[in-house]
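So the chains spell out like this:
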Amino acid sequence: MKLVASVTTCVLVALALTIGGEAQENVLTRVAPSMLECYESAQIFERDNRLPMTMNMLIELIRKVEDTPGFQQDIRQLAISMLHRFRQDGIVRAPGVTSMSGVIPFSPTEFQFTKHRVLFSRLLPGNAVNFPNATLSIDERCALHFMLSNSIDRRVRGDENIRCSQLSQYRAARVPRELDFKDRSRMRSNYLGDNEMLEQPEMDRIREHIKKIKHKASSAARLEMDPDEDHPNDEEEHPEATVEGDDEPQEEPIAAAGEDEETGEPLEEDGALGEIGDVSLVDIASNAISACPVENGVVYTPWGSVMAGTVLAGIAAGLEPQTVQLRDLMSRSDQYRSRQVQPMRVDNRWAATLSGDLAEVSLLHAPSVANNVQVGAAGAWNRTVAPRWYFLSQREHLQMTDTEIRAGIDGLLLATNIAEWRSRANNLRLSQVLDMYYSHRGVFNDTVRSCNRRDLFTTVAPMQQLREQTVAFSTVLDKEMQMPFTISQEAIINFSDQATDALANYIPSALNDLSCEATAIVMNDPTIWRTASDLYIFIDAAWPHRDAYSVVSNILDSLDVGRFGTNYTILNARDGNVIVNSTQFLSDFHMTYTPELHQTLPNGLNIPNVFRRMREETNNLMSTERRTNNLSGRSKLALMIVHTDRVSEGDTNFAIQHLQIFREEVPDLRFLYLAAGDPGRFNRFVRDERRDVFPLRELESGSIVDTVRVQLSPVIHRIQQEPRRIVNPRCGHDWVQENWGSNSMNQFVEPRGVNFYRLHPNYFFRQGENRRFRIQGHGFATLTVCHSRWVERPRQNSTENRDSIQCRTINTDAYDIDLSNACDGHSVIHTCPPLFVSVEGPLNPPAVIRCSEPQCRFPDNARFAVVLDNMGCFSSASRTVSSLLLAAMLALVVALFKQS
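Residues numbered from 1 in each chain as written. Predicted model: local features only at pLDDT ≥ 70, side-chain atom pairs only at ≥ 80, totals over all residues. Heavy atoms only, no water.

### Here we look at the overall build of the protein
For step 1, the next point in the chain: What the protein contains, in helices and strands, is 29 helices and 25 strands.
For step 2, the next point in the chain: For the protein, contacts bridging at least 24 residues in sequence account for 81% of all contacts bridging at least 6.
For step 3, the next point in the chain: Total accessible area on the protein is roughly 35000 Å²; 49% of this is exposed by carbon and sulfur atoms. (Helix = DSSP H or I, 4+ residues; strand = E, 2+ residues; numbered from the N terminus. Contact = heavy atoms within 4.5 Å. Areas by Shrake-Rupley, 256 points an atom, 1.4 Å probe, with all protein chains shown as cover.)

Here it is as structure tokens:
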């Protein structure tokens, strides 16, 4: 019976592999047909034109797929289909292959492809037949391909003299300052977390120099160009692009795609350019290996960059775990030899993560170093704001880099726990898992999160099991991989043990990623802060594109942009015209706000135009809220990013007058200014000059310090702290109330999260019967509700004006706040304080996870309702406008009288 069962198992496995292999185009020994679109166009392939390689962007793209109308795939099906649709490891440019019609000089020839083929043909079989390709644009599809596919581009780019020295400085910056700190895991070091090595101004000058040299160089010195290829002129023949995409390439024929990327980030234009330039051209024309190669398939996170494809593979394996005998993974010719070794089984969760990469170390690295096995290779991004180039610090021993180590731990952690998480939340989404794990909150607790990976390594990867799985997969890989030597099974075991020991030693000593505490929004506060805002960003085009792009990118990346959080609009500060239409997608900004578009925008700040546009935008928004019966639940902010323009006296008077109108018509609107020079020149145009005006210096170059993030931290915190507005939607923009009654909307808060709300006195100024503000619990969790008339962010443990804060916990019951006569004693609306309310989630997730509706960002969100009963509409906007018009007429009369 055992023999029959064994034979049956082998037949079924072989049949599954045969059937699955027919539809698995990503295991072919050439670029998969569905991925060719990413290599056929120079515009798409150019690295500087791609969407940023960040975890936020990856999550957004996955969520966009999940939100496709009619989409029915569960988390397992989506993870498998995404990997088979977009991941193909080992793709590199073929050296010496000329560009011609019908030839794409790219193929999966690097060592990573062998492991990839074994994984996806035998351990993670499937296909992407049902993937909704039409949901994503070609830019988004290719972004996913480049995010999920691992390879190393070792070719010389021509920038090594500058780039690699910058990388050395970065590595020095990883040394912690507080060496005497006892608890090293909680230490705030000056390690910058894969930070940028070279700022944009330098790279622009560098690339321009290389561009000039190449125009004069012979065809032999061209990086990837075919001298016989027909190009109308030099600009089309060899378009250049900076990291910011300042000189984006023009559309080119097939196979010219890779040409643009090869220029990398070239040498700096300084006194040594002639000498450096000559050397770089010689290197480019040769087959030399770059001193700091580019690693592909890496995405940025604040807690260390990771190989995204490995993380998704871990999730997929955890959702469909397999433990397969060695003989079932080998070809028939190798099965006899496999019987000679001790019976072993391969666990696909390990093979897809740590053991898979360790097997490559065991077979490709260990035999050549004689008891000196090394794992790990640090790297750094060209910039951490919209990162696209990830450079490695070494050219050798790259079988298991730092990004692969992090992803291996993360993937194994997720693989080990995903089945249990899914049993608690049946409708768990792939985007939710990544969103929880790569954040401060963690997956259903504050333990399993990426900032804890180093501490969790020994728990998730016991040494004995790690050794066994590494030996097992190394044995499989040995039969599949072409190597310049032949090794015995005993040697495989020995090398696997050495590789495992090297990894165990490397992680606690060298993987010095930022801790959870070091990256907390508020130190010593475990609260999860989420931003929900309608944000209008006005850009003064006098800023260089690279600076404006970096500033806006960093701001948006920090404000929970998406359908659960922030909606944004980008506008021009001079004429008030829209640059990027109102959207909830980060990708819209990156694909729309190009250097070419920036050059067409007028420079400067015109406050009258800005205010007219904001009045139009807010009127439309408030009319929509009335039509849809929407209480808002988002803050409303206008951020001006101003260069050195000053405001004229006439515009100043206009601004001061219209700020009074805004205060009456749109009481929740706040103006913020981020300005070069003296920001104090805008103090008169804000509600609170201490909180709403911020300096912005020219972005410095040549520094390892991430000045963009440092400078923008105060304004980001200010936006995060702005309470969400609650409005009476019956008022609209004209403040005319036609009827009375009750209005409500559902809101959500996560464990350890808190929402802050503000209701202006414009909705309860005069006395009214049964007028109240209610928070109605829906029984999802026990919530803490607080309110105050004086503390903007009231909390139960607050130390500020505690006597003016009232709190109570609710579950299925309600928290009512009587506003029938809340402005008694105030004759003017402005003197009556608003109502501030907070709703705080529980410290731990509820035992029963219930949040499964589309509005739930996470499965453990607690739903509650905000209810307004019998609110009014009180505004003296009409009187204010009349007063301003009368004042203007009097001023005109006085002026005419003086002239006469």
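So, next bit.
### Let's talk about the sheet that holds strand 20 (residues 772-777)
To summarise the sheet geometry, strands pair through backbone hydrogen bonds and adopt either a parallel or an antiparallel arrangement.
For step 1, the next point in the chain: With respect to topology, four strands assemble into an open sheet ordered 18-25-20-23, the strand pairing being antiparallel. Each edge of the open sheet is held by one strand with a lone partner, namely strand 18 (742-749) and strand 23 (814-818). When the angles between neighbouring strand axes are averaged without regard to direction, this sheet yields 15°.
For step 2, the next point in the chain: Of the strand pairs in this sheet, strand 18 and strand 25 (residues 862-869) are connected by eight bridges, and their pairing is antiparallel. Bridging across to strand 25, Gln 747 finds its partner in Phe 864. (Pairing = 2+ DSSP bridges. Axes fitted to C-alpha atoms, helices over the stretch in contact; angles between N-to-C directions.)

### Digging into the packing of aromatic side chains
For step 1, the next point in the chain: Counted by the stated rule, this structure contains 19 aromatic pairs.
For step 2, the next point in the chain: Plain terms: the ring middles of Tyr 39 and Phe 146 are 6.0 Å apart, the flat faces sit at 75° to each other, and that makes the pair edge-to-face. Here Tyr 39 is found in the loop between helix 1 (2-23) and helix 2 (42-45), whereas its partner Phe 146 is found in helix 6 (residues 138-148), with 107 residues between them in sequence.
For step 3, the next point in the chain: The exposure class assigned to Phe 146 is buried, which follows from its relative accessible area of 10%.
For step 4, the next point in the chain: Taken together through their ring pairs, the aromatic side chains of Tyr 39, Phe 45, Phe 106 and Phe 146 make up a single cluster.
For step 5, the next point in the chain: Above the ring of Trp 389, the side-chain terminus of Arg 47 is found at 4.8 Å from the ring centroid. (Phe/Tyr/Trp six-rings, centres within 6.5 Å; stacked < 30°, edge-to-face > 60°. Buried < 20%, exposed > 50% of the residue type's maximum accessible area, 1.4 Å probe, protein only. Lys NZ or Arg CZ within 6 Å of the ring centre and 35° of its normal.)

### Overview of the environment of Met 871
For step 1, the next point in the chain: You can see Met 871 is positioned in the loop between strand 25 and helix 29 (877-899).
For step 2, the next point in the chain: By relative accessible area, Met 871 is classed as buried at 3%.
For step 3, the next point in the chain: Spatially, the C-alpha atom of Met 871 lies 9.5 Å from that of Glu 769, the residues being 102 residues apart in sequence.
For step 4, the next point in the chain: Met 871 has contacts with Asn 728, Gln 737, Trp 740, Gly 741, Leu 759, Tyr 763, Phe 764, Arg 771, Arg 772, Phe 773 and Leu 819, leaving out every residue within four places of it along the chain.

### Focus: the sheet that holds strand 12 (residues 567-572)
For step 1, the next point in the chain: Pairing is mixed across the open sheet formed by six strands, whose spatial order is 13-12-11-14-15-16. The open sheet has two free edges, formed respectively by strand 13 (578-583) and strand 16 (693-695), since each of these has just one partner strand. When strand polarity is set aside, the average angle formed by the axes of neighbouring strands in this sheet is 15°.
For step 2, the next point in the chain: Relative to strand 15 (residues 669-675), strand 14 (residues 635-642) is paired through seven bridges, and the arrangement is parallel.

### Some points on helix 4 (residues 75-86)
For step 1, the next point in the chain: In a regular helix each residue adds 1.5 Å, so twelve residues correspond to 16 Å; helix 4 covers 16 Å between its end C-alpha atoms and thus fits that length.
For step 2, the next point in the chain: Buried residues dominate helix 4, accounting for ten of its twelve residues.
For step 3, the next point in the chain: Within the sequence span of helix 4, burial applies to Ile 75, Leu 78, Ala 79, Ile 80, Ser 81, Met 82, Leu 83, His 84, Arg 85 and Phe 86.
For step 4, the next point in the chain: Packed against the buried residues of helix 4 are helix 3 (55-66), helix 5 (112-123), helix 6, helix 12 (308-319), helix 17 (402-424) and helix 18 (430-437).
For step 5, the next point in the chain: Measuring from the side-chain oxygen of the N-cap residue of helix 4 to the backbone nitrogen of Arg 76 gives 3.2 Å; that N-cap residue is Asp 74. (Expected span 1.5 Å × (residues − 1). Polar contact = N/O pair within 3.5 Å; in protein donor to acceptor, adjacent residues only side chain to side chain.)

### What about helix 25 (residues 607-628)?
For step 1, the next point in the chain: Compared with an ideal rise of 1.5 Å per residue, which puts 22 residues at 32 Å, helix 25 spans 31 Å between its outermost C-alpha atoms and is within 8% of the ideal.
For step 2, the next point in the chain: Regarding helix 25, the residues found buried are Ile 607, Pro 608, Val 610, Phe 611, Arg 613, Met 614, Glu 617, Thr 618, Asn 619, Leu 621, Met 622 and Glu 625.
For step 3, the next point in the chain: In this structure Asn 606 caps helix 25, since a side-chain oxygen of it lies 3.0 Å from the backbone nitrogen of Asn 609.
For step 4, the next point in the chain: Directly beyond the C-terminal end of helix 25, a positive phi value near 55° is found at Asn 629.

### Some remarks on the pattern of salt bridges
Two side chains with opposite charge may pair up if their charged atoms get near one another.
For step 1, the next point in the chain: With the rule as written, the count across this model stands at 53 salt bridges.
For step 2, the next point in the chain: Between Asp 560 and Arg 530 there is a salt bridge, with its nearest N and O atoms 3.6 Å apart. Of this pair, Asp 560 sits in the loop between helix 22 (545-557) and strand 12 while Arg 530 sits in the loop between helix 21 (489-510) and strand 11 (533-539), and the two are 30 residues apart along the sequence.
For step 3, the next point in the chain: For Arg 530, a relative accessible area of 18% puts it in the buried group.
For step 4, the next point in the chain: Ionic pairing is found between Glu 625 and Arg 725, a salt bridge with its closest N-O pair at 2.6 Å. Residue Glu 625 is found in helix 25, and its partner Arg 725 is found in strand 17 (residues 724-726); the two are separated by 100 residues along the sequence. Each member of the pair, Glu 625 together with Arg 725, is buried. (Salt bridge = Lys/Arg side-chain N within 4 Å of Asp/Glu carboxyl O.)

### A look at the nonpolar core
For step 1, the next point in the chain: Counting 148 residues, the largest nonpolar core has Leu 503, Leu 535 and Ile 555 as its most contacted members.
For step 2, the next point in the chain: When residues of this core are assigned to domains, at least three fall in each of domain 1 (11-169 + 287-510) and domain 2 (533-726).
For step 3, the next point in the chain: Listed in part, the 66 residues of the second largest apolar core include Val 727, Cys 731, Tyr 815 and Ile 817. (Core = buried A, V, L, I, M, F, W, Y, C linked by side-chain atoms within 4.5 Å. Domains from an automatic or database assignment.)

### Digging into the packing of helix 20 (residues 463-480) against helix 21
Describing two packed helices takes the angle between their axes plus the distance from one axis to the other.
For step 1, the next point in the chain: For the pair helix 20 and helix 21, the least separation of the axes is 9 Å and the interaxial angle reads 135°. Classified by the interaxial angle, the pair formed by helix 20 and helix 21 is oblique. Classified by chirality, the crossing of helix 21 by helix 20 is right-handed. Only Gln 489, Ile 492, Ile 493, Ser 496, Asp 497, Thr 500, Asp 501, Leu 503 and Ala 504 of helix 21 make contact with helix 20, whose side of the interface consists of Met 463, Leu 466, Arg 467, Thr 470, Val 471, Ser 474, Thr 475 and Asp 478.
For step 2, the next point in the chain: When its residues are assigned to classes, the contact of helix 20 with helix 21 shows seven nonpolar, six polar and four charged. (Parallel < 35°, antiparallel > 145°, perpendicular 65-115°, else oblique. Left-handed = near helix turned anticlockwise from the far one by under 90°. Nonpolar A, V, L, I, M, F, W, Y, C, P; charged D, E, K, R; others polar.)

### A short note on the confidence of the model for the protein
For step 1, the next point in the chain: Across the protein, pLDDT averages 83, with 79% of residues at or above 70.
For step 2, the next point in the chain: Contacts of residues 878-898 to residues separated by more than four positions or lying in other chains number six contacts, the stretch itself having pLDDT below 50. (pLDDT = per-residue confidence, 0-100.)

### Brief notes about unusual backbone geometry
For step 1, the next point in the chain: Unusually for a residue other than glycine, His 397 sits at a positive phi of about 55°.
For step 2, the next point in the chain: Checked against the element boundaries, His 397 lands in the loop between strand 10 (390-392) and helix 17.
For step 3, the next point in the chain: Residue classification places His 397 among the partly exposed positions, given a relative accessible area of 23%.
For step 4, the next point in the chain: Positioned with a positive phi, Asp 560 is a non-glycine residue whose angle comes to about 55°.

### A short note on the state of the cysteines
For step 1, the next point in the chain: Counted according to the given criterion, the structure contains seven disulfides.
For step 2, the next point in the chain: For Cys 451, the disulfide goes to Cys 516, at an S-S distance of 1.9 Å. In this structure, the disulfide formed by Cys 451 and Cys 516 twists by about 95° around the S-S bond and is classed as right-handed. A residue pair is termed long-range when its members are at least 10 positions apart, and Cys 451 in the loop between helix 18 and helix 19 (453-460) and Cys 516 in the loop between helix 21 and strand 11 qualify at 65 residues.
For step 3, the next point in the chain: The disulfide that involves Cys 786 links it to Cys 807, with 2.1 Å between the sulfurs. Residues Cys 786 and Cys 807 share a disulfide whose torsion about the S-S bond is about 110°; that sign makes it right-handed. In this pair, Cys 786 sits in strand 21 (residues 783-788) while Cys 807 sits in strand 22 (residues 806-810), placing the two residues 21 residues apart along the sequence.
For step 4, the next point in the chain: In this structure Cys 786 comes out as buried when scored by relative accessible area, which is 0%.
For step 5, the next point in the chain: Its relative accessible area of 30% is what places Cys 807 among the partly exposed residues. (Disulfide = S-S within 2.5 Å.)

### Points about the environment of Lys 115
For step 1, the next point in the chain: Of note, Lys 115 is situated in helix 5.
For step 2, the next point in the chain: Note on Lys 115: relative accessible area 4%, which makes it buried.
For step 3, the next point in the chain: Expressed as a C-alpha distance, the spacing of Lys 115 and Ser 474, which sit 359 residues apart in the sequence, is 9.8 Å.
For step 4, the next point in the chain: Not counting residues up to four positions away in its chain, the partners in contact with Lys 115 are Gly 356, Asp 357, Glu 360, Phe 473 and Leu 477.

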